[in-house]
Amino acid sequence: MGYPRGSRGRPGASVTGACTLIAVFTFASLAAAELPAPEDGHRPLRGNPVTAAPDPAPPPPFDGYVNAPAFEVVPRRGELKFFPCAACHDQMAPNPERRKLFSPHPAALDHGDGRFWCLDCHAAEGRNELHTLAGERVSFDRADRVCAQCHYTPHRDWAFGAHGKRVADWQGDRRIYGCAHCHDPHAPAVRPRVPEPPPPVRAGLARPELEEHHEVEGQ
Amino acid sequence: MKSKDSDGIDAGRRRFLGAAGAAVAGGTAAGPAWGGSTFLDAMGSFFQDHYQRMSDEEIADALDRIERRAKRRYGVDITCRDTPPQEGVVFGYALNISKCQGYRDCVSACVRENNQDRGSQMQYIRVLEMPEGTRELEAAEHYYDPATVPVDGHYYLPVQCMQCDDPPCVKACPVEATWLEPDGIVVVDYDWCIGCRYCMTACPYWARHFNWREPQLPPEEINPDTNYLGNRPRPKGVVEKCHFCTQRTREGRQPACQEACPTGARIFGNLLDPNSEIRYVLANKPVFRLKEELGTEPKFWYFTD
């Protein structure tokens, strides 16, 4: 047994290293004694325990994330302009045909590149609610359940607090905005906006490059 | 025609001369103002001790003086309190630079909430417009003023006081007018500050600002909910900085910048609470801190989605 390379002039280090090696080998031999050691070092696949068969019953409906802090979503139904929808739609038969809608509905659905139309999210029967693809009824106040079917990563972040906005207090009951408070479900892209004015430049300290920039623009 | 500023100076001079006359006449308490103050209040301010050395009665007197002075100067009834830090709370901030759009709504909300001067550069938050692909602060532009934001090829990096846990500004102060509170906020006793501006030089984040003039703001825009270590009306010639809105956050409310941000990029909370939102961000998101290599342990993180 030779000294490890690079441990010149430090015999103490090599002794420690040797002890560690012995300990590791002892432990490894003990561990090997417990399991039937296959000759080629691999256990056959059939030797592995069989996993339980999949449960044929449908999975339970989604009921929040494990260990997510409790929260309350700020209700939104009161802010909807034409709510309740059933006020009109109870008078009409549902028409499942894909077509262009007229006012008061949004003229275009700028979401999902034409994959969806109204009844993918809005329930045809019982217009005051939304529905998931699994057929679960969802209140407009918890529209996030519908959004989360595709946008699961932001939804998870939202439930834990890394996405979205907490209202009013950092302490106490956690009240957060739902998805549709900030994202228009019918046109969710964030549009450019006019910024608040820049900080004023103190008198006598006007930045020369900005002045030049404006002169060039003025000419 | 006189500008508004010169009117203000003349008014100040009149107040000073009037107060001098009153002092000669015997120092009547209800007489003309002494720099916006009565003679008695001016003397009380002169003998006022450091915040951390004042007894409860002395602090109550100081708060009363602040309220009276605001009433005389601006004609506004403000309430000034001394809200203590909460037990078991250390504040931290996380900002999502994937979400920030550079609207500067946080800046204007901060100016309104904290009674900052309206005309000068006294703004606690500085939103930097950065070219994409770099964190080189030399390339930042905070005077950006395009028609709409965000501008293509740029991202936005709001910078404010990082509330360092090992704050170099506190070490630099020769009179201990600034210190780290138990809840992690670096505060300033504006009445103890001598205006030497060493702390501004020591701060690596450009987060401290000097009052070159007495903060000038329309009386109707004064936020009457003030705090001694927070947004009370400040004198001229002192340094001030972001204090995480002590007047709000120590009562459990969100700071004004978080409340104003329409994008939800700002996340504020208690670093000691394992269930808080900021702890989730720190544990699960890619986070970084500005100039972390300086070892000042800022409690302000940036993260991306």
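Refer to the preceding data block for the structure.
In this text, all values refer to a predicted model and were calculated from it rather than measured experimentally.

Let us look at the overall build of chain B. Counting its regular elements, chain B contains nine helices and 12 strands. Taken across its 305 residues, chain B has 53% of its residues classed as buried. Across chain B, every contact between residues at least 6 apart in sequence was considered, and the portion connecting residues at least 24 apart equals 66%.

Let us look at the pairing of strand E3 (residues 126-131) of chain B. All names here are of chain B. Judged by how many residues are buried, E3 sits mostly within the fold: five of six residues are covered. Note: E3 against strand E4 (residues 154-159), six bridges, orientation antiparallel. Bridging from a neighbouring strand, Met-130 pairs with Tyr-155 of E4.

All names here are of chain B. Along its 19 residues, helix H3 (residues 56-74) runs 27 Å from first to last C-alpha, staying within 8% of the 27 Å computed at 1.5 Å per residue. By the burial criterion, the buried members of H3 are Ile-59, Ala-62, Leu-63, Arg-65, Ile-66, Arg-69, Ala-70 and Tyr-74. Along the long axis of H3, the arc covered by the buried residues comes to 155°, so they all point the same way. Buried residues along H3 sit in contact with helix H2 (39-46) and strand E1 (79-81).

All names here are of chain B. A surface patch of negative charge is lined by Asp-56, Glu-57, Glu-58, Asp-61 and Asp-64. Relative to the elements of secondary structure, Asp-56 occurs in helix H3. Relative accessible area serves as the criterion here: at 62%, Asp-56 is assigned to the exposed category.

Let us now look at the interface of chain A and chain B. Each partner contributes to the interface: chain A provides 32 residues, whereas chain B provides 46 residues. Taken together, the two surfaces of chain A and chain B that pack against each other cover about 3200 Å², and 53% of this comes from carbon and sulfur. At the boundary of chain A with chain B, the tally comes to 17 residue pairs in polar contact (both at pLDDT 80 or more). It is helix H4 (residues 152-160) of chain A that contributes the most residues to the side of chain A that touches chain B, three residues altogether.

This brings us to a nonpolar patch on the surface. Taken together, the side chains of B:Met43, B:Phe46 and B:Phe47 define a hydrophobic patch exposed on the protein surface, amounting to about 380 Å² of accessible area. A relative accessible area of 64% places B:Phe46 in the exposed class.

Further remarks concern the nonpolar core. Soluble globular proteins tend to pack their nonpolar side chains together in the buried interior. All names here are of chain B. Residues Leu-157, Met-162, Tyr-228, Leu-290 and Tyr-302 are the most contacted members of the largest nonpolar core, which totals 57 residues. Those elements giving two or more residues to this core turn out to be H3, strand E2 (91-96), helix H4 (105-113), E3, E4 and strand E12 (300-303). Looking at which element gives the most residues to this core, the answer is H3, with six residues. Here this core spans two domains, since at least three of its residues come from each of domain 1 (4-81) and domain 2 (85-305). Not counting residues within four places of it along the chain, the set of residues in contact with Tyr-302 comprises Leu-95, Ile-97, Leu-157, Pro-158, Val-159, Met-162, Pro-286, Val-287, Phe-288 and Leu-290.

Definitions and cut-offs
Residues numbered from 1 in each chain as written. Chains lettered and ligands numbered in written order. Predicted model: local features only at pLDDT ≥ 70, side-chain atom pairs only at ≥ 80, totals over all residues. Heavy atoms only, no water. Helix = DSSP H or I, 4+ residues; strand = E, 2+ residues; numbered from the N terminus. Buried < 20%, exposed > 50% of the residue type's maximum accessible area, 1.4 Å probe, protein only. Contact = heavy atoms within 4.5 Å. Pairing = 2+ DSSP bridges. Expected span 1.5 Å × (residues − 1). Arc of directions from axis to C-beta. Patch = residues over 30% accessible without salt bridge, like charges linked within 9 Å, V, L, I, M, F, W, Y side chains within 5 Å. Areas by Shrake-Rupley, 256 points an atom, 1.4 Å probe, with all protein chains shown as cover. Salt bridge = Lys/Arg side-chain N within 4 Å of Asp/Glu carboxyl O. Lys, Arg positive; Asp, Glu negative; His and termini not counted. Charge placed at Lys NZ, Arg CZ, Asp CG, Glu CD. Buried area = accessible area lost by both parts, 1.4 Å probe. Polar contact = N/O pair within 3.5 Å; in protein donor to acceptor, adjacent residues only side chain to side chain. Core = buried A, V, L, I, M, F, W, Y, C linked by side-chain atoms within 4.5 Å. Domains from an automatic or database assignment.

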